[in-house]
Amino acid sequence: MKFAYRFSNLLGAVYRHGNLNFSKDGNSVISPVGNRLSVFDLKNNKSETLPVSTTKNITCVGLTPDGSLAILVDEDGAAILVSLVTRAVLHHYHFHKPVNSVSFSPDGRKFVITKENVALMYYAPGKKREFNAFQLDKSYYGPYDETTCIDWTTDSKCFAVGSKDMSTWVFGAERWANLIYYSLGGHKDVVVGCFFEKDSLDLYTVSQDGTLCMWESDTEPEELKKGLRYKERKQKERQNARVTEDQEEEEEVVEEGEDGEMRGEVIKGSADAPQEEDGIKNVRYRQRSKQFFNKEGDFNKLTAAAFHKDTHILVTGFASGVFHLHELPEFNLIHSLSISDQRIAAIAMNCTGDWIGFGCSGLGQLLVWEWQSESYVFKQQGHFNNMAALAYSPDGQYVATGGDDGKVKVWNTNSGLCFVTFTEHTSSVTNVTFTSSGFVVVSASLDGTVRAFDLHRYRNFRTFTSPRPAQFSSLAVDGSGELVCAGAQDSFEIFLWSMQTGRLLEVLSGHEGPVSCLSFCPSRAVLASASWDRTVRLWDMLDSWHAKEVLRLTSDGMAVAYRPDGQELAVATLDGEISFWNSQTAAQMGSITGRHDLQMGRKDADKITAKQSSKGKSFTSLCYSADGESILAGGHSKFVCIYNIREQVLLKKFEISCNLSLDAMEEFLDRRKMTEFGSLSMVDEGAGDGDGVEVSLPGVRRGDMSSRHFKPEIRVSSLHFSPTGRSWAATSTEGLMIYSLDASLVFDPYDLDLDVTPASVRRQLKKCEWSLAILLAFRLNESALIREVLEALPHEQIPVVCSTLPDVYVEKLLAFVGTTLENSRHLQFYLTWAQSLLTIHGQKLKNRSGAILPTIQSLQKSIQRHHDDLSKLCDWNIYALRYAVALSNQRGLKRAAADELSEEEEGSEEEDDLMYEPLMTESDLLS
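Residues numbered from 1 in each chain as written. Predicted model: local features only at pLDDT ≥ 70, side-chain atom pairs only at ≥ 80, totals over all residues. Heavy atoms only, no water.

S.K.: Even after reading the chapter, I still don't get the nonpolar core, so can you show me in this structure?
M.R.: Inside soluble globular proteins, nonpolar side chains tend to come together where they are buried. In this structure, Ile774, Leu790, Leu813 and Trp833 are the most contacted members of the largest nonpolar core, which totals 35 residues. Those elements that provide at least two residues to this core are helix H4 (758-766), helix H5 (770-780), helix H6 (783-792), helix H7 (798-804), helix H8 (807-820), helix H9 (827-840) and helix H11 (849-916). Here this core takes 8 residues from H5, the largest share from any one element. Dropping the residues within four chain positions of it, Leu813 is found in contact with Phe778, Leu790, Leu805, Trp833 and Leu837. Residues Cys60, Leu81, Val99 and Ala133 belong to the second largest nonpolar core, which totals 20 residues. (Core = buried A, V, L, I, M, F, W, Y, C linked by side-chain atoms within 4.5 Å. Buried < 20%, exposed > 50% of the residue type's maximum accessible area, 1.4 Å probe, protein only. Helix = DSSP H or I, 4+ residues; strand = E, 2+ residues; numbered from the N terminus. Contact = heavy atoms within 4.5 Å.)

Written out as structure tokens, the structure reads:
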């Protein structure tokens, strides 16, 4: 069970590069993150990363109109067809050249990709399982430079392609007699976007210099007429003798392309207009008008655009982080807003046109803006540089991360979203940790401060500093949350503060090298510190803070970690070994040589092979599993290793990333990149190529002429097991990778025989033999069957059944209740199970607290999440009821006052009647 971890989610990065897409219902935004694809559910406030990946970073994504399939294309032109329903890869294809854009037709029958100056139209994969899902239909030639954008007409009859040669080409998706191709000019810079009007051939084109051209067609889409077939047209041309033999050789029925595939019909455009057929007038365009956006210099170039055909809203993004909303064709400015000071790389609009998605690659930022209410629907930003550290909260609901950008972020593990960011640090964050309460995050930084953040009020309430400036590289907080320790990498000292007062209590001296890692013992007040001076020192926090023991290592200490019970200590050293020590006797109990398990790749700039460079590599992060039987180890490699401590063997290796856009991924250099001048990767092509991560000079916000790019190197900087034991996380160059147990793939039979079948389980249920039915269901270990048995049991019988269960099945049942409670709606039912099990078997469970601790923490996490959700709902209902009662009371008072007023008016009328009543009536006089 413990080795069936599967990739679960990717946090810490929400957008890197490429185009954004909305789902069919408009409630989810699909964003490429490196070589993976993340789906952010805006309605339920959750994120999910698909378990598929490309070879390199994704540059463009195309979605089918029904939202069931997606085409992902990476930097080299390698494409995969992914089912968004089953989350599986259906087909692989290679376009052999970088692809600039991909777009499906509105009817879903075809799709167009653009590479270099060519547009290729393919038949879209259908519901049948084709052997070749991508079948080429036509190739369109026309632009003289690279193509940039695509847009289809509403009826899928034509499509337009923008180009870097400042022209826009309109092509017919079929052989139309009056529209084969049409070229539009009018711009003085690169065309960023081209958009058709709804149910029309009218066109809008937007260029990088902030110019909008509106083109009007003299033909409606229904006026397009079918042209002659290719053979008929060739025969007619031969009869009229309008072509020469050279032209006939250029336009063969079938041509073989550069990639060796057989192409369909080839349509070549030229500057001259196509010849008109007999009695059919060609489609003509004229420029209706030209508009200009606000220009503020070269740094404010128009970088992205999107158009919603139903609402006629045009959204344009600029390099300065500003975006505009205009209503076309009147070009009325609705409003303008600045997102940040970074370039807007991608814009998308949902199906209703209410939400607008923005992607900023410089900050790794993803925003969804509702323009009618002028409010943010979604706003997330990851660490735009490397992640350095992570820590789980005690209940496993939150993960805190620190990065080289000086930010501390806290993520919700259930939703996968960041809900608070602390920016008080002015330099790289080296370590983060939670206190035992789970409501305080402590972080250490190279800026010389250790800061404590409150998760109730979201503020920095403590700042710890040293008497002399020091760069803190390690951090630890004791179990009570009172003592905060940080190790310095320049003064070789350990500083000890009080959380309550913020005062410096002691400076621990003794190390002769930088302190690389600190760890508190969970069971005793002992601090372990690993240093580059080849020692691990154990400091007694109760006896004058002196060094109690000194463990001598064979090499520099890189990481140290205590087992959850505090009886064992693991130390990773620079020579690639992991040694295990008894924390009571300070005796070494064993060691693991893991240097060869790292399998370090070869960097582009390395002069030696990967095998030679791996000799100097080591693990830089260690973490025990929840049960203490296994240990996770990671370092400067794409692999994370899990070892069995007792057997001292490698159990499994997890590959964190397969993204070849990162450095040190391949073991051998690519010979195709070797030239007579050296490797092509060593050649500096300038900052204009856009490869790698852009780094500007410090303090420069815009107009940096010395900006340059670097290729990030794959590495694992920190590891941590979840307190529940069902998942573990690693901070890497790709982001925060979370791996969870996949229980659906595991079958663990227990005490099976021929009589144990689902039919026999249901037979016992009919006989009301509840305990026996539960035992049989657990022997089969099928979750659906266990849930059926439990939910068939009357709730008043729960305490009786719990008292008759054997001890072996108590822990199994408690673990099942904890996992089921996360998603079940029967809260009171399963809480009754948990209460009965803990009440009746509490003393026996307490004796095995170390073994069942992950189960208890998983149960606590589920209960806490439901408590938070229900408390908000109950508070809202209480306030609503109070308001309704107050409103009814107010109406009652008004009604009572109105009744009193009416009674007073009636009384006054009676008095008036008496006043004006005669003393003797006519009848009295007669009598």
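From this point, the narrative continues.
S.K.: Got a minute to help me understand the packing of aromatic side chains in this structure?
M.R.: Geometrically, a pair of aromatic rings is defined through the distance of the ring centres and the angle of the planes. All told, the structure shown has 42 aromatic pairs when counted by the stated rule. With a centroid separation of 4.4 Å and an interplanar angle of 35°, the aromatic rings of Phe323 and Phe358 are classed as tilted. Linking Phe323 in strand S25 (residues 322-327) with Phe358 in strand S28 (residues 355-360), this pair joins segments that are 35 residues apart in sequence. Since its relative accessible area comes to 1%, Phe323 is described here as buried. With relative accessibility at 1%, the residue Phe358 sits in the buried group. (Phe/Tyr/Trp six-rings, centres within 6.5 Å; stacked < 30°, edge-to-face > 60°.)

S.K.: Help me understand the sheet that holds strand S44 (residues 526-531), please; the structure alone is not making it clear to me.
M.R.: Strand pairing in a sheet is mediated by backbone hydrogen bonds. Such pairs are either parallel or antiparallel. Spatially, S43-S44-S45-S46 is the arrangement adopted by the 4 strands of the open sheet, whose pairing is antiparallel. Each edge of the open sheet carries a strand with a single partner, namely strand S43 (515-520) and strand S46 (547-552). Direction aside, neighbouring strands of the sheet carry axes that sit 20° apart on average. Here S44 pairs with strand S45 (residues 535-540) via 5 bridges, running antiparallel. Looking at S45, one finds that Ala530 is bridged to Val536. (Pairing = 2+ DSSP bridges. Axes fitted to C-alpha atoms, helices over the stretch in contact; angles between N-to-C directions.)

S.K.: What's the story with the packing of H5 against H8 in this structure? I'm lost.
M.R.: Axes are the key here: two packed helices are described by the angle between their axes and the distance separating the axes. Taken N-terminus to C-terminus, the directions of H5 and H8 make an angle of 75°; their axes are 11 Å apart at the nearest point. Comparing the axis directions of H5 and H8 gives the class roughly perpendicular. Along its contact with H5, which presents Leu775, Phe778 and Arg779, the element H8 presents Tyr809, Lys812, Leu813 and Phe816. Taken together, the residues that form the contact of H5 with H8 break down as 5 nonpolar, no polar and 2 charged. (Parallel < 35°, antiparallel > 145°, perpendicular 65-115°, else oblique. Nonpolar A, V, L, I, M, F, W, Y, C, P; charged D, E, K, R; others polar.)

S.K.: Would you mind going over the sheet that holds strand S53 (residues 639-644) with me for this structure?
M.R.: In spatial order, the strands read S51-S52-S53-S54; together these 4 strands make up an open sheet with antiparallel pairing. In this open sheet, the two strands that pair with only one neighbour each are strand S51 (619-624) and strand S54 (649-655). If you compare each strand with its neighbour and ignore which way they point, the axes differ by 25° on average. Inspection of the sheet shows strand S52 (residues 630-635) paired to S53 by 5 bridges, in the antiparallel sense. Paired with Ile631 across the bridge in S53 is Tyr643.

S.K.: Even after reading the chapter, I still don't get the side chain of Thr205, so can you show me in this structure?
M.R.: Mapped onto the elements of the fold, Thr205 is located in strand S19 (residues 203-207). Here Trp215 takes part through its side chain, which lies 3.1 Å from a polar atom of the side chain of Thr205. Contacts of Thr205, omitting those with residues within four sequence positions, involve Thr168, His187, Gly193, Cys194, Thr211, Leu212, Cys213 and Trp215. (Polar contact = N/O pair within 3.5 Å; in protein donor to acceptor, adjacent residues only side chain to side chain.)

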